[in-house]
Amino acid sequence: AKARGRNGFSFFAPFMMGEGVERLRLETYLRRSIEKDEIFLNYQPQVEIDTGRLVGVEALVRWNHPELGLIPPIRFIPLAEDTGFINQLGKWVLHEACRQMVRWQDAGLHVPKIAVNLSAKQFERGSIVNMVADILRDTGLEPQRLQLEVTESVIMNTGDAMVFINDLHSIGVALAIDDFGTGYSSLAYLKQLPVQTLKIDRSFIKDISTDVNDEAIAIAIIQLGKSMNLSVIAEGVETAEQAAFLLRHGCNLAQGYFYSRPLTADDMFTRWQK
Ligand code: C2E
Ligand code: CA
Ligand code: CA
Ligand code: CA
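Here goes a summary of the coordinates provided.

Rules behind the numbers
Residues numbered from 1 in each chain as written. Chains lettered and ligands numbered in written order. Predicted model: local features only at pLDDT ≥ 70, side-chain atom pairs only at ≥ 80, totals over all residues. Heavy atoms only, no water. Phe/Tyr/Trp six-rings, centres within 6.5 Å; stacked < 30°, edge-to-face > 60°. Helix = DSSP H or I, 4+ residues; strand = E, 2+ residues; numbered from the N terminus. Buried < 20%, exposed > 50% of the residue type's maximum accessible area, 1.4 Å probe, protein only. Lys NZ or Arg CZ within 6 Å of the ring centre and 35° of its normal. Near = heavy atom within 4 Å. Polar contact = N/O pair within 3.5 Å; in protein donor to acceptor, adjacent residues only side chain to side chain. Areas by Shrake-Rupley, 256 points an atom, 1.4 Å probe, with all protein chains shown as cover. Nonpolar A, V, L, I, M, F, W, Y, C, P; charged D, E, K, R; others polar.

For the structure on display, the rule yields 4 aromatic pairs. Their ring planes at 75 degrees and their centres at 4.8 Å tell us that Y43 and W104 sit as a pair that is edge-to-face. With Y43 in strand β3 (residues 39–48) and W104 in helix α3 (residues 86–107), this pair connects stretches of sequence that are 61 residues apart. Neither Y43 nor W104 differs from the other in exposure class; each is buried. Each ring, one from F258 and one from Y259, has its centre 4.9 Å from the other, and the planes form 75 degrees; the classification is edge-to-face. Classification of F258 by relative accessible area gives partly exposed; the value is 38%. Note on Y259: relative accessible area 22%, which makes it partly exposed. R261 extends its terminal NZ or CZ atom over the ring of Y257, reaching a point 3.8 Å from the ring centre.

Shown next, in the form of structure tokens:
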């Protein structure tokens, strides 16, 4: 299942093996990735459109395998979810994210808040609130500076998600609904949930200014957020036109390549330290 590379080295060619074999191999590697120090975080700035001020970062997990190279989260998160490894991984991510906030602070960079993604499987254990509380205590990060991102489907389809979300709120942690507009948006649920932020999914931002339907959806989400007193942030903002459109329609928060790609912790420090 290995092919000769150009220089005579072997390289991993997933398309040459059965999918099951590749999956099994990836699974085996993934299980050891944390202890082998192959997992790290990138941080993508979230900014105020009108001032360019940094309001937060989103932590995005990365896996760099010595043979396979950088593997994107869309390839290993689902695998981690299927195998249950997500619990260990999710805990590592959360701990590292909180620890990094304190490191930046100590080095002189104030990042107001950090957003961390949670997957549905992390709600199934029942101990998520204790885990978060332990990590906050351990790292010393103020709960208000942590924002957890969950998708609509997590909220709607995970048995006790509502209970845990309320518990997380009660310890002071902020909550954002990720990829908003792509799942089953039950507005009735939204009203009951202690969420502070809606994240407009990238798919609606992409063709703003050419697709009238996407524009209408983006505007509707901004209005909804406003009327429910929630903050609204657009993800995947890649152009000045998109940013201008958002600002014009009352959304002053954005995240995307137009402002910055996800950065390493060190790059984050050098770019944003005044
Ligand atoms: P997401 O939560 O919707 O994260 C945003 C994704 O969009 C990131 O991809 C980010 O790099 C990318 N992105 C940001 N700005 C732009 C832009 O302007 N244009 C385009 N085309 N893309 C942009 P990434 O890092 O590959 O992550 C993909 C997904 O993997 C995330 O989507 C999230 O669902 C999941 N993920 C990442 N890190 C974690 C984690 O620590 N835990 C869990 N459970 N899931 C994670
Ligand atoms: Ca996210
Ligand atoms: Ca998204
Ligand atoms: Ca997502």
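For the rest of this paragraph, the subject is the site of ligand 1. For ligand 1, the set of nearby residues contains 20 residues, the closest of which are Q44, R62, N117, E238 and Y257. R202 places a polar side-chain atom, nitrogen or oxygen, 3.2 Å from a nitrogen atom of ligand 1. Across the complex, the protein chains shield 83% of the 790 Å² of accessible surface that ligand 1 would expose by itself. If you list the elements that add at least two residues to the shell around ligand 1, you get β4 (54–65), α2 (73–83) and β8 (174–180). The leading source of residues in the shell around ligand 1 is β4, at 4 residues. The residue makeup of the shell around ligand 1, split by class, is 8 nonpolar, 5 polar and 7 charged.

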